[in-house]
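# Remarks on the overall topology
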Amino acid sequence: MPGALAFPRVGLLTNPTAGRGRGAAYGAQAAAVLQAAGHVVVDLSGPDEATAAGRAREALDAYRIDVLAVVGGDGMVHLGANLCAGRSTPLAVVAAGSGNDNARELGLPVRSPLAAAALVTGGRTRALDLRRW
């Protein structure tokens, strides 16, 4: 079907305190861009890491999302990578942290929620070996 999104349902996991508060703003911006592009955005964030991880794991297990997008720094990237490991669900990164070493190493947009959201909408993926990364 022409114009169909590769990942219609996006699970969004945000660390609002990342990058001295940038995480909250970047999460809201990414969600707005994704929704405007036609994605259904499911907010999986929680009051703490354990709750958020549980919500994301549940959504992944029930196949309620097509891609998991994390907003934050390297800690969120690690959380997302661990949640997606062994699954076919891609991980998207909206880098909002202080250093964003993982996003830089992978050549992903840094501190640009619009560019990161565009990658999800574009449907481009690449496989990574987490043991070697």
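Residues numbered from 1 in each chain as written. Predicted model: local features only at pLDDT ≥ 70, side-chain atom pairs only at ≥ 80, totals over all residues. Heavy atoms only, no water.

### A word on the sheet that holds strand 1 (residues 9–14)
Selection criterion: In this scheme, strands are said to pair when DSSP sees at least two bridges between them. Every helix listed is a DSSP run of H or I at least four residues long, and every strand listed is a run of E at least two residues long, numbered separately from the N terminus. Helix axes use the C-alpha atoms of the stretch in contact, all axes being lines fitted to C-alpha atoms, and the angles between their N-to-C directions lie in the range 0 to 180 degrees. By the convention used here, residues are in contact when the closest approach between their heavy atoms is within 4.5 Å.
With respect to topology, four strands assemble into an open sheet ordered 2-1-3-4, the strand pairing being parallel. Among the strands making up the open sheet, the edge pair consists of strand 2 (40–43) and strand 4 (91–95). Averaged over all pairs of adjacent strands, the angle between strand axes in this sheet comes to 25°, irrespective of strand direction. Note that strand 3 (residues 67–72) and strand 4 share five bridges and pair parallel. Within strand 4, the residue paired with Val71 across the bridge is Val94. In this fold helix 3 (residues 74–84) packs onto strand 1, strand 3 and strand 4, with an angle of close to 165° to the strand it touches most, strand 3.

### Remarks on the nonpolar core
Test applied: Among buried residues, the Ala, Val, Leu, Ile, Met, Phe, Trp, Tyr and Cys ones that are joined through side-chain atoms within 4.5 Å form a nonpolar core. Only protein chains enter the accessibility calculation, which uses a 1.4 Å probe; a residue is then buried when its area is under 20% of its type maximum, exposed when over 50%, and partly exposed in between.
With 18 residues, the main nonpolar core has Leu13, Leu44, Leu68 and Leu83 as its most contacted residues. Of all the elements in the fold, those that place two or more residues in this core are helix 2 (49–61), strand 3, helix 3 and strand 4. Not counting residues up to four positions away in its chain, the partners in contact with Leu83 are Leu13, Ala53, Ala56, Arg57, Leu60 and Leu68. By size, the runner-up hydrophobic cluster in this structure holds 17 residues, among which are Val10, Val67, Ala69 and Val94.

### Brief notes about the pairing of strand 1
Basically, it comes down to this: We call a crossover right-handed when, viewed with both strands directed away from the observer, the connection leading from the first strand over the helix to the second proceeds clockwise.
Among the six residues in strand 1, five count as buried, and that is most of the element. Sheet topology note: the strand 1/strand 2 ladder contains four bridges and is parallel. Note that in strand 2 the partner of Val10 across the bridge is Val41. With respect to chirality, the unit in which strand 1 leads through helix 1 (residues 18–36) into the neighbouring parallel strand 2 is right-handed.

### Observations regarding the pattern of salt bridges
For clarity, the threshold we go by: Take a side-chain nitrogen of Lys or Arg and a carboxyl oxygen of Asp or Glu: if they are within 4 Å of each other, that pair is a salt bridge.
This model, assessed by the stated rule, comprises three salt bridges. The partner of Arg64 in a salt bridge is Glu58, with the nearest N and O atoms 3.6 Å apart. The residue Asp61 makes a salt bridge to Arg87 at a minimum N-O spacing of 2.9 Å. Of the two residues, Asp61 sits in helix 2 while Arg87 sits in the loop between helix 3 and strand 4, which places them 26 residues apart along the sequence.

### Describing the packing of helix 1 against helix 5 (residues 113–122)
When two helices pack together, their arrangement is given by the angle between their axes and by how far apart the axes lie. We apply this condition: Working definition: roughly parallel below 35 degrees, roughly antiparallel above 145 degrees, roughly perpendicular at 65 to 115 degrees, and oblique for all remaining angles. Working rule for handedness: look at the near helix, and if it is turned counterclockwise from the far one by less than a right angle, call the crossing left-handed; if clockwise, right-handed. Side-chain classes follow a simple rule in which Ala, Val, Leu, Ile, Met, Phe, Trp, Tyr, Cys and Pro form the nonpolar group, Asp, Glu, Lys and Arg form the charged group, and the remainder, Gly included, forms the polar group.
Across the interface, helix 1 lies against helix 5 with an axial gap of 9 Å and an inter-helix angle of 40°. The orientation of helix 1 relative to helix 5 falls into the category oblique. Handedness of the crossing formed by helix 1 with helix 5: right-handed. Facing helix 1, whose interface residues are Tyr26, Gln29, Ala30, Val33 and Leu34, helix 5 presents Pro113, Leu114, Ala117, Val120 and Thr121. Of the residues assigned to the contact of helix 1 with helix 5, the class counts are eight nonpolar, two polar and no charged.

### Overview of the environment of Val94
By the element assignment, Val94 lies in strand 4. Distance in space between the C-alpha atoms of Val94 and Pro113 is 5.7 Å, their sequence separation being 19 residues. Ignoring anything within four residues of it in the chain, the contact list for Val94 reads Tyr26, Ala30, Val70, Val71, Gly72, Pro113 and Ala116.

### Section: the pairing of strand 4
Working note: regular strand, side chains alternate between the two faces of the sheet. Among the five residues in strand 4, four count as buried, and that is most of the element. Of the crossover connections in this fold, the one passing from strand 3 over helix 3 to the parallel strand 4 is right-handed.

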